[in-house]
Amino acid sequence: MVPVRGGRGTGPDLFPPSALPERGLALIRCQIEAVLAILLEYRFFFPDQTAILRRDERVMTAFRGLQTDVIAAISIELAAATAHSSVPPPEPQALARSLWLVVTGWVTFLLAQGRQIDRDSVHEVLEIALALVRPFIIEPRR
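Residues numbered from 1 in each chain as written. Predicted model: local features only at pLDDT ≥ 70, side-chain atom pairs only at ≥ 80, totals over all residues. Heavy atoms only, no water.

**Comments concerning the side chain of Ser121**
The residue Ser121 is located in helix α5 (residues 119-123) in this model. At 2.8 Å, the side chain of Ser121 and the backbone oxygen of Gln116 are in polar contact. Contact partners of Ser121, with chain neighbours within four places excluded, come to Trp106, Leu110, Arg115 and Gln116. (Helix = DSSP H or I, 4+ residues; strand = E, 2+ residues; numbered from the N terminus. Polar contact = N/O pair within 3.5 Å; in protein donor to acceptor, adjacent residues only side chain to side chain. Contact = heavy atoms within 4.5 Å.)

And the structure:
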């Protein structure tokens, strides 16, 4: 599991390079798995997310910081992994934001479907999210 420090707007420090030897799609997979761990732990938050954020400025600030951190960290990897793509990728920041929306919206989707929120159901979104970026990624040669 990848340690996630959220809520401080630290961007690249969220996933320090020394902690993750992977690059490209493998690293993005690890980053998304770290977000999924947060989703599973805080799944109670999503049905009432907007109301909770509006009630507590501290929670709003922490959540925005987490968004900023994750999107910045994934954007950095997307920029490097798509630099030589034969398929013109969207801007890394826009693609990372799209991943955030898909992944964090997954719990709400599952709840609307009447599904149980457990590790397996939350992790179903991993391959869906990776399918969004896979066409743009050039895997590093080993």
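Next comes the rest of the description.
**Some points on helix α1 (residues 24-41)**
Each full turn of the α-helix corresponds to 3.6 residues, which orients residues three or four apart in the same direction. Taking 1.5 Å per residue, 18 residues should reach 26 Å; α1 reaches 26 Å between its end C-alpha atoms and fits that length. Within α1, burial applies to Gly24, Leu25, Leu27, Ile28, Cys30, Gln31, Ile32, Ala34, Val35, Leu36, Leu39 and Leu40. Buried residues belonging to α1 abut α3 (57-81), α4 (92-112), α5 and α6 (125-133). (Expected span 1.5 Å × (residues − 1). Buried < 20%, exposed > 50% of the residue type's maximum accessible area, 1.4 Å probe, protein only.)

**Notes on α4**
Over its 21 residues, α4 runs 30 Å from end to end, which matches the ideal 30 Å to within 8%, given 1.5 Å per residue. At Trp106, α4 is deflected by roughly 40 degrees, the largest bend along its length. The set of residues buried in α4 consists of Leu95, Ala96, Leu99, Trp100, Val103, Thr104, Trp106, Val107 and Leu110. In this fold, the buried residues of α4 make contact with α1, α3, α5 and α6. Two residues or fewer after α4 comes Gly114, characterised by a positive phi angle close to 75 degrees. (Bend = angle between axes of the 7 residues up to and from the residue.)

**Examining the nonpolar core**
Judged by nonpolar contacts, the single largest core of 36 residues is most densely connected at Ile32, Leu36, Leu39, Leu78, Leu99, Val103 and Val133. Of all elements in the fold, only α1, α2 (49-55), α3, α4 and α6 reach the threshold of two or more residues within this core. Residues in contact with Leu78, not counting those within four places in the same chain, are Ile28, Pro92, Leu95, Ala96, Leu99, Val133 and Ile137. (Core = buried A, V, L, I, M, F, W, Y, C linked by side-chain atoms within 4.5 Å.)

**As for the packing of α1 against α3**
In contact at an axis separation of 9 Å, α1 and α3 are set at 165 degrees when each is read in the N-to-C sense. In terms of their interaxial angle, α1 and α3 are classed as roughly antiparallel. In terms of crossing hand, the pair formed by α1 and α3 is left-handed. Here Gly24, Leu27, Ile28, Gln31, Val35 and Ile38 of α1 lie close against α3, whose contacting residues are Leu66, Val70, Ala73, Ile74, Glu77, Leu78 and Ala81. A per-class count over the contact of α1 with α3 returns 10 nonpolar, two polar and one charged. (Axes fitted to C-alpha atoms, helices over the stretch in contact; angles between N-to-C directions. Parallel < 35°, antiparallel > 145°, perpendicular 65-115°, else oblique. Left-handed = near helix turned anticlockwise from the far one by under 90°. Nonpolar A, V, L, I, M, F, W, Y, C, P; charged D, E, K, R; others polar.)

**A few points about the environment of Ile137**
By secondary structure assignment, the location of Ile137 is in the segment after α6. Separated by 53 residues in the primary sequence, Ile137 and His84 have C-alpha atoms spaced 8.3 Å apart. Not counting residues within four places of it along the chain, the set of residues in contact with Ile137 comprises Leu25, Ile28, Leu78, Ala81 and Thr82.

**A short note on the confidence of the model for the protein**
Of the residues in the protein, 82% reach a pLDDT of 70 or more, and the chain-wide mean stands at 80. Here residues 1-12 is modelled with pLDDT under 50, and outside its nearest four sequence neighbours on either side it reaches 35 contacts, counting other chains as well. (pLDDT = per-residue confidence, 0-100.)

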